[in-house]
Amino acid sequence: MSAVAAAAPAVGAHASGAEYLTFRLGAEEYGIDILRVQEIRSYEPPTRIANAPSHMLGVVNLRGVIVPVVDLRIKLGCASVEYNGLTVVIVLNVKGRVVGVVVDSVSDVLELPREQIRPAPEMTSSTVDTAFITGIASVGERMLILMDIEALMGSPDMGLTDGT
């Protein structure tokens with residue numbers, strides 16, 4: 001859609017950093033590697049799959065490809081999950097599979113130089129899974145949580161990939 005299409009010519013233009021698609025989940029802003037993003041679509045209710053975990057909303061037919069749709073807000077424990085006009089599905093290519101993730105809204109595409117990215121803080125609590133967080137970046141007044149979307153979507157509890 002527009003955010004990805006507008007960013008497409010710039011992808012790979014600068015070798016000093018990486019480009020991230022930024023999006024909101026509740027009050028937090030996250031960034032994922034733009035190279036994992038296939039497209040951005042408006043939200044449409046998926047077909048529910050029986051006995052699926054709560055974060056697995058179901059599947060949609062994307063031009064003949066059946067795509068599982070995960071609500072990242074539910075998966076990451078956001079306080080409230082509301083579907084509105086800003087709710088979008090980011091279609092990703094993860095480990096050779098096409099997967100959709102529902103987010104509150106897409107912000108923009110940012111190039112972040114490596115020196116602007118700080119390591120994620122270490123958490124000792126067994127209840128906080130930070131394995132998919134690759135770093136934190138300050139962009140003006142904003143804090144951006146950078147995530148390895150491939151690691152998150154490929155984790156065994158997601159059931160989306162075979163782990164290879």
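In the block above lies the structure referred to throughout.
All of the points below concern the structure found in this document.

What counts as what
- Residues numbered from 1 in each chain as written.
- Predicted model: local features only at pLDDT ≥ 70, side-chain atom pairs only at ≥ 80, totals over all residues.
- Heavy atoms only, no water.
- Pairing = 2+ DSSP bridges.
- Helix = DSSP H or I, 4+ residues; strand = E, 2+ residues; numbered from the N terminus.
- Buried < 20%, exposed > 50% of the residue type's maximum accessible area, 1.4 Å probe, protein only.

## What to know about the pairing of strand E10 (residues 133-139)
Next up, step 1: In this sheet, E10 lies alongside strand E9 (residues 117-118) in antiparallel orientation, the contact comprising two bridges. If you follow Ile117 over to E10, its bridge partner there is Ala137.
Next up, step 2: With six bridges connecting them, E10 and strand E11 (residues 142-147) associate as antiparallel partners. The residue bridging Ile136 from the neighbouring strand is Ile145, located in E11.
Next up, step 3: In textbook terms, the turn of a hairpin is the stretch between consecutive antiparallel strands, and for E10 and E11 this stretch comprises two residues, one of which, Gly140, has a positive phi near 65°.

## Considering the pairing of strand E5 (residues 65-71)
Next up, step 1: The buried fraction of E5 is high, at five of seven residues.
Next up, step 2: Where strand E4 (residues 56-62) lies against E5, six bridges are found, and the strand directions are antiparallel. Residue pairing for E5: Val59 is matched across the bridge by Pro68.
Next up, step 3: Joining the antiparallel neighbours E4 and E5 is a turn of two residues, in which Arg63 adopts a positive phi near 50°.
Next up, step 4: Pairing of E5 with strand E7 (residues 97-103) involves three bridges; the strand directions are parallel. Looking at the pairing, Val70 lines up with Val101 of E7.

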